[in-house]
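Chain by chain, the residues:
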Amino acid sequence: MKEDRMQQGPTADGTARGRTRPPSQADVAALAGVSSQTVSRVANNRSNVEPETRERVLSAMRVLGYQRNSAARALTLGRFHVLGVVTFDVTAQGNARTLAAISRAAQRAGYSLNVVCVEDQTERAVQQAVRQLTDQAVDGLVVIEAQILDRPGFSVTSGVPVVVADGDPERRFPSVDTDQAAGATAATRHLLGLGHRTVWHLGGPQDSYAARRRAAAWHAALKAAGAPVPPLRYGDWTAEDGYRIGRELAARPDVTAVFAANDHLALGLLRALHEAGRRVPEDVSVAGFDDLPEAAYYLPPLTTVRQDFEEVGRQCVARLLAQIEAPGTAGDAPVVVAPELVVRASTAPPPAPRG
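A brief look at the structure comes next. A quick note: this is a predicted structure, and the numbers were derived from the prediction, not measured. (Residues numbered from 1 in each chain as written. Predicted model: local features only at pLDDT ≥ 70, side-chain atom pairs only at ≥ 80, totals over all residues. Heavy atoms only, no water.)

Description of the nonpolar core
Worth spelling out the cut-off: The criterion is simple. A nonpolar core is a set of buried Ala, Val, Leu, Ile, Met, Phe, Trp, Tyr and Cys residues joined through side-chain atoms within 4.5 Å. Only protein chains enter the accessibility calculation, which uses a 1.4 Å probe; a residue whose area is less than 20% of its type maximum is buried, one above 50% is exposed, and one in between is partly exposed. Starting at the N terminus, helices and strands are each numbered in turn, a helix being any DSSP run of H or I of at least four residues and a strand any DSSP run of E of at least two. Any two residues whose heavy atoms approach within 4.5 Å are treated as being in contact.
Residues Leu202, Leu249, Val258, Leu269, Leu273 and Val286 are the most contacted members of the largest nonpolar core, which totals 23 residues. Contributing elements (two or more residues each) for this core: β6 (200-203), α9 (239-250), β8 (257-260) and α10 (263-275). With five residues, the top contributor of residues to this core is α10. In this structure, Leu249 is in contact with Trp200, Arg233, Val255, Val258, Leu269 and Arg278, ignoring residues within four places of it in sequence. Membership of the second largest hydrophobic core comes to 19 residues, among which are Leu99, Ala106, Val163 and Val317.

Some remarks on the sheet that holds strand β7 (residues 233-234)
The criterion, for reference: Note: two strands are recorded as paired if DSSP finds a minimum of 2 bridges between them. Angles run from 0 to 180 degrees between N-to-C directions of axes, and those axes are lines fitted to C-alpha atoms, restricted for helices to the stretch in contact.
Pairing in this open sheet of six strands is mixed, and the strands run β7-β6-β8-β9-β10-β12 from one edge to the other. The sheet is open, and its two borders are formed by β7 and β12 (340-342), each paired with just one other strand. Pairing analysis gives three bridges linking β6 to β8, with the strands arranged parallel. Paired with Trp200 across the strands is Val258, a residue of β8. Sheet strands touched by helix α7 (residues 180-193): β8, β9 (285-290), β10 (303-306) and β12. Its angle to β8, the strand with the most contacts, is close to 165°.

A few points about the packing of helix α1 (residues 25-32) against helix α2 (residues 36-43)
Applied cut-off: Throughout, the term roughly parallel applies to angles under 35 degrees, roughly antiparallel to angles over 145, roughly perpendicular to angles from 65 to 115, and oblique to all others. Polar here means any residue outside two lists: the nonpolar Ala, Val, Leu, Ile, Met, Phe, Trp, Tyr, Cys and Pro, and the charged Asp, Glu, Lys and Arg; Gly therefore counts as polar.
One can describe the packing of α1 onto α2 by two numbers: an axis separation of 8 Å at closest approach and a directional angle of 105°. One element, α1, and the other, α2, form an angle in the roughly perpendicular class. In contact with Gln25, Ala26, Val28 and Ala29 of α1, α2 contributes Ser36, Val39, Ser40 and Ala43. When grouped by side-chain class, the residues that make up the contact of α1 with α2 number five nonpolar, three polar and no charged.

As structure tokens, then:
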């Protein structure tokens, strides 16, 4: 008689002999000494299970190599435990760090991510990215720093909850924003407070909502202080552009303080000033925005505005999950995350007048 190759039940150490099929919930229930309904509640992360019982079931799952059936779970719960993310430039440090923070927050909540990067700044390209993600069965979407598109405003037709991170001034969706204006105002006032007659601004891309808000706050801070408003220079978030525009600024003796819209622009500016023989901060003070991990190791260490990317990511996921759990409960008021001015060695009072 042929040997029965079907599962004969768990062995003494909990493993199965002669298994030719994956373990089932019934197998887990038998090993853990609970009902199949209890195993189902644990598998679906329900809260009505005693901690000791939950750990016993999870231990049995690990012993047997039990894998939850995501498709069946989605049919049961009406969700897939997958979040979609649309981002416009994953190479930009702010977007990359926000994406990483969202990923960590989603993972802690038991969700995975699908990410689509939009290259063309058109409403059509955004809608295609959204359709691509919803076709992959996501429970909700985060749009990171929605760029200024070819049509006014920002619109997404998705059929699932949407949260926008740093980029929806019309407030069409629940949003999580770093207080860009507060950060730019703090940096500008810090430089004015050191005694500089005015502050030049090396701005970010004109098609970025974040860059526009920083530039507008810089302008308003100068006007409020009665300081002259120098011409605004626009860059593209890169050290290369900071260096290119920095060479122009370095050639102007009236430039004694510059607020750069991000730390990469500030890095390029520092290089340009060094090559021109302008000392930082003795001749020119430089402040940035973001507080990259490397900013403290620039030469000199960079005064900058620290963004709390971890909190932005956590709040994005929290607002999205609130809508998933109870549609319509996220509210219209944006969550605003406060930045922090970090003062280091790149800023100081202006040089004394000659003569």
